[in-house]
Amino acid sequence: MMQQSQAAEIQIKALVEAWADAVRRHDLPGILAHHDRDIVMFDVPPPFQSRGLDEYKKTWDLFFSCRTSGQAFDIEELTITAGDEVAFAVATMRCVSNTDSGLLFRLTIGLRKVDGDWRVTHEHHSVPATD
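All of these numbers come straight from a predicted model, not from anything done at the bench. (Residues numbered from 1 in each chain as written. Predicted model: local features only at pLDDT ≥ 70, side-chain atom pairs only at ≥ 80, totals over all residues. Heavy atoms only, no water.)

**Looking at the overall build of the protein chain**
In terms of regular secondary structure, the protein chain is built from three helices and six strands. In the protein chain, the succession of α and β elements from N to C terminus is α-α-β-β-α-β-β-β-β. A sequence separation of at least 24 residues applies to 49% of the contacts in the protein chain between residues at least 6 apart. (Helix = DSSP H or I, 4+ residues; strand = E, 2+ residues; numbered from the N terminus. Contact = heavy atoms within 4.5 Å.)

Listed below in structure tokens is the structure:
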């Protein structure tokens, strides 16, 4: 059981790192590669909630219009908890650009194993409240 959990954690870490790298490269197919068609995402900029892969995909239009390739989504800390069929990962990340030190944000993803592969079924980005 412990070996399965460790293997799952390694697979999920690679998945999150590949996703962050795809964001840096503005590689939309890479960003979507491990997301479930029924994903639900809560994001910092509107829309507040996206349901389904098509809505999730549209949220990247705004992001790409504000950031140039190579300037975003550095993982600062990542913790993964994985079972046989369900897992979640929590991370602190920094969205950086050439003009600032970056926006520190939180990422939580929920994953489910589908046909032997981990799929992101929930993604939540948040920033600390300032007031």
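**Remarks on the pattern of salt bridges**
One pass over the full model with this rule turns up eight salt bridges. Note that D21 and R25 form a salt bridge whose closest N and O atoms lie 2.9 Å from each other. Since its relative accessible area comes to 45%, R25 is described here as partly exposed. When the shortest N-O distance is used, the salt bridge between E76 and R94 registers 2.7 Å. One end of the pair, E76, is in strand β3 (residues 74–82); the other, R94, is in strand β4 (residues 86–97), and 18 residues separate them in sequence. Using a relative accessible area of 44% as the deciding quantity, one classes E76 as partly exposed. Ionic contacts of the salt-bridge type, sharing partners, join the residues D21, R24, R25, D27 and D74 into one network. (Salt bridge = Lys/Arg side-chain N within 4 Å of Asp/Glu carboxyl O. Buried < 20%, exposed > 50% of the residue type's maximum accessible area, 1.4 Å probe, protein only.)

**Thoughts on the pairing of strand β1 (residues 35–42)**
Pairing of β1 with strand β6 (residues 117–126), which is carried by four bridges, proceeds in the parallel orientation. Following the sheet pairing, M41 is matched in β6 by E123. Here β1 folds back onto strand β2 (residues 49–51) in antiparallel fashion, the turn holding six residues. (Pairing = 2+ DSSP bridges.)

**Some remarks on the side chain of D36**
Structurally, D36 can be placed in strand β1. For D36, a relative accessible area of 9% gives the class buried. D36 has contacts with L53, R112, V114, R119, V120 and T121, leaving out every residue within four places of it along the chain.

**Description of the nonpolar core**
One broad trend across soluble globular proteins is that nonpolar side chains are buried collectively. Within the largest apolar cluster, 30 residues are counted, with the highest numbers of intra-cluster contacts made by I12, W19, W60 and F73. Of all elements in the fold, only α1 (2–24), α2 (28–32), β1, α3 (53–66), β3, β4, β5 (100–114) and β6 reach the threshold of two or more residues within this core. With residues up to four places along the chain from it excluded, the contact list for F73 reads W19, A20, V23, R24, W60, F63, M93, R94, C95, V96 and F105. (Core = buried A, V, L, I, M, F, W, Y, C linked by side-chain atoms within 4.5 Å.)

**Remarks on unusual backbone geometry**
The omega torsion across P46 and P47 is 5°, close enough to zero to call that bond cis. By the element assignment, P47 lies in the loop between β1 and β2. Even without being glycine, H26 reaches a positive phi, approximately 55°. For H26, the location among the structural elements is in the loop between α1 and α2. A relative accessible area of 24% places H26 in the partly exposed class. Residue D115 is not a glycine yet carries a positive backbone phi of 50°. Topologically, D115 is positioned in the loop between β5 and β6.

Keep in mind that these numbers describe shape and distance, not what the molecule does.
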